[in-house]
Amino acid sequence: MDANKGNDDASQSPSMPKNIYKDPDDGRQRFLLELEFVQCLSNPTYIHYLAQNRYFEDEAFIGYLKYLQYWQQPEYIKFIMYPHCLFFLELLQNANFRNAMAHPGSKELAHRQQFFFWKNYRNNRLKHILPRPLPEPISAPPVPVVPPAPVPATTPPLPAAAPPVHSPMQYGAPPGSSLPKSDMRMASGDRRKRNW
């Protein structure tokens, strides 16, 4: 009878799973895997690889990309080392972008644009951060006219013209030198490997 009573209690209790999965490392492994995958999205070549292998045609994978948008929240964004991955994650929500990344030209375009962003980011940012000087006023006050100084009647004599100075680094031998110019092209003879 007691065995039947135990079965009745199990059938009347709410439907709770008997084996609740407990993550042994409290989700650390999943966090690291998702972080790594999201950061891989900063590489246009990897996105091209996913498009070529038809990952973007799988509805479950597209759902996973939507799920990964939680990385844009402030409590998670601080772990991102490559911020372009969040930009590409946002672009991957659009079906047109996913289809375009299957073409090598689109991959190259994205890669070039990413390079130009990195190349010019600091200068573009400094343009907006550094203070600019105030513009000069257009109308300046009139300048008083000063009469020219009187010129003395006698002018000192001009110094004699100096002889031309030759460059300290002469090309070849000085003119009139008896030293022959060395020609390095033929100095060591024929450099081709000979097969005897």
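Residues numbered from 1 in each chain as written. Predicted model: local features only at pLDDT ≥ 70, side-chain atom pairs only at ≥ 80, totals over all residues. Heavy atoms only, no water.

Enquirer: Is there a simple way to explain the pattern of salt bridges in this structure?
Expert: Any two side chains of opposite charge can pair, given that their charged atoms come close. Per the stated rule, a full pass over the model turns up three salt bridges. Notably, a salt bridge pairs Glu 34 with Arg 30, separated by 3.1 Å at the nearest N-O pair. Taken together, the residues Glu 34 and Arg 30, both in helix 2 (residues 28-40) and four residues apart, mark about one turn of the helix. Residue classification places Arg 30 among the partly exposed residues on the basis of a relative accessible area of 49%. (Salt bridge = Lys/Arg side-chain N within 4 Å of Asp/Glu carboxyl O. Helix = DSSP H or I, 4+ residues; strand = E, 2+ residues; numbered from the N terminus. Buried < 20%, exposed > 50% of the residue type's maximum accessible area, 1.4 Å probe, protein only.)

Enquirer: Help me out: how do you make sense of the side chain of Gln 39 in this one?
Expert: Tracing the sequence through the fold places Gln 39 in helix 2. At 3.3 Å, the side chain of Gln 39 and the backbone nitrogen of Tyr 82 are in polar contact. Those residues in contact with Gln 39 that sit more than four places away from it in its chain are Phe 79, Ile 80, Met 81, Tyr 82 and Cys 85. (Polar contact = N/O pair within 3.5 Å; in protein donor to acceptor, adjacent residues only side chain to side chain. Contact = heavy atoms within 4.5 Å.)

Enquirer: Can you walk me through the nonpolar core in this structure?
Expert: Where a protein is soluble and globular, its nonpolar side chains tend to be buried together. One finds Leu 41, Phe 56, Leu 65 and Trp 71 to be the most contacted residues of the largest nonpolar core, which totals 22 residues. Elements with a minimum of two residues in this core: helix 2, helix 3 (44-52), helix 4 (59-67) and helix 6 (84-91). With four residues, the top contributor of residues to this core is helix 6. Residue contacts for Leu 41: discarding those within four places in its chain leaves Tyr 46, Ile 47, Leu 50, Leu 65, Cys 85, Phe 88, Leu 89 and Leu 92. (Core = buried A, V, L, I, M, F, W, Y, C linked by side-chain atoms within 4.5 Å.)

Enquirer: What should I look at first to understand helix 2 in this one?
Expert: Residues separated by three or four positions in an α-helix point in the same direction, a consequence of the helix having 3.6 residues per turn. Taking 1.5 Å per residue as the helical rise, helix 2 with its 13 residues ought to reach 18 Å, and the 18 Å between its terminal C-alpha atoms agrees with that figure. Where helix 2 is concerned, the buried positions are Glu 34, Leu 35, Phe 37, Val 38 and Gln 39. Buried-residue contacts for helix 2 involve helix 3, helix 4 and helix 6. (Expected span 1.5 Å × (residues − 1).)

Enquirer: Mind showing me how you'd approach the layout of surface pockets here?
Expert: Leftover empty space is mapped by rolling, across the atoms, a probe with the size of a water molecule. Put simply, the largest pocket is a space of about 260 Å³. Lining the largest pocket are 13 residues; nearest its centre among them are Phe 87, Phe 88, Leu 91, Ala 110 and Gln 113. Those elements that place two or more of their residues in the lining of the largest pocket are helix 6, helix 7 (95-100) and helix 8 (104-129). Sorting elements by how many residues they give to the lining of the largest pocket places helix 8 first, with six residues. Residue composition of the lining of the largest pocket, grouped by class: nine nonpolar, four polar and no charged. (1 Å grid on protein atoms, 1.4 Å probe; cavity = no way out; pocket = protein on both sides within 12 Å on 5 of 7 lines; lining within 4 Å. Points joined across faces, edges and corners; volume = space filled by probe spheres on them. Nonpolar A, V, L, I, M, F, W, Y, C, P; charged D, E, K, R; others polar.)

Enquirer: How do you make sense of the state of the cysteines when you look at a structure like this?
Expert: What the rule picks out here adds up to zero disulfides. Not part of a disulfide, Cys 40 finds its nearest cysteine sulfur in Cys 85, a span of 9.3 Å. Overall, the relative accessible area of 31% leaves Cys 40 in the partly exposed class. (Disulfide = S-S within 2.5 Å.)

Enquirer: For this particular structure, what's the right way to read the confidence of the model for the chain?
Expert: Detailed reading of predicted coordinates is not advised where the pLDDT is low. For the chain, per-residue confidence averages 75 on the pLDDT scale, and 57% of positions sit at 70 or higher. Within the chain, the lowest mean pLDDT, 51, falls on helix 1 (residues 2-12), and the highest, 93, falls on helix 4. (pLDDT = per-residue confidence, 0-100.)

Enquirer: What should I look at first to understand a nonpolar patch on the surface in this one?
Expert: On the surface, Phe 117, Trp 118 and Tyr 121 cluster together into a nonpolar patch covering about 360 Å² of accessible area. Its place among the elements puts Trp 118 in helix 8. (Patch = residues over 30% accessible without salt bridge, like charges linked within 9 Å, V, L, I, M, F, W, Y side chains within 5 Å. Areas by Shrake-Rupley, 256 points an atom, 1.4 Å probe, with all protein chains shown as cover.)

Enquirer: Please explain the environment of Pro 83 as it appears in this structure.
Expert: Counting through the fold element by element, Pro 83 comes out in the loop between helix 5 (74-77) and helix 6. Judged by relative accessible area, which is 57%, Pro 83 ranks as exposed. Along the chain, Pro 83 and Val 38 lie 45 residues apart, while their C-alpha atoms are 9.9 Å from each other.

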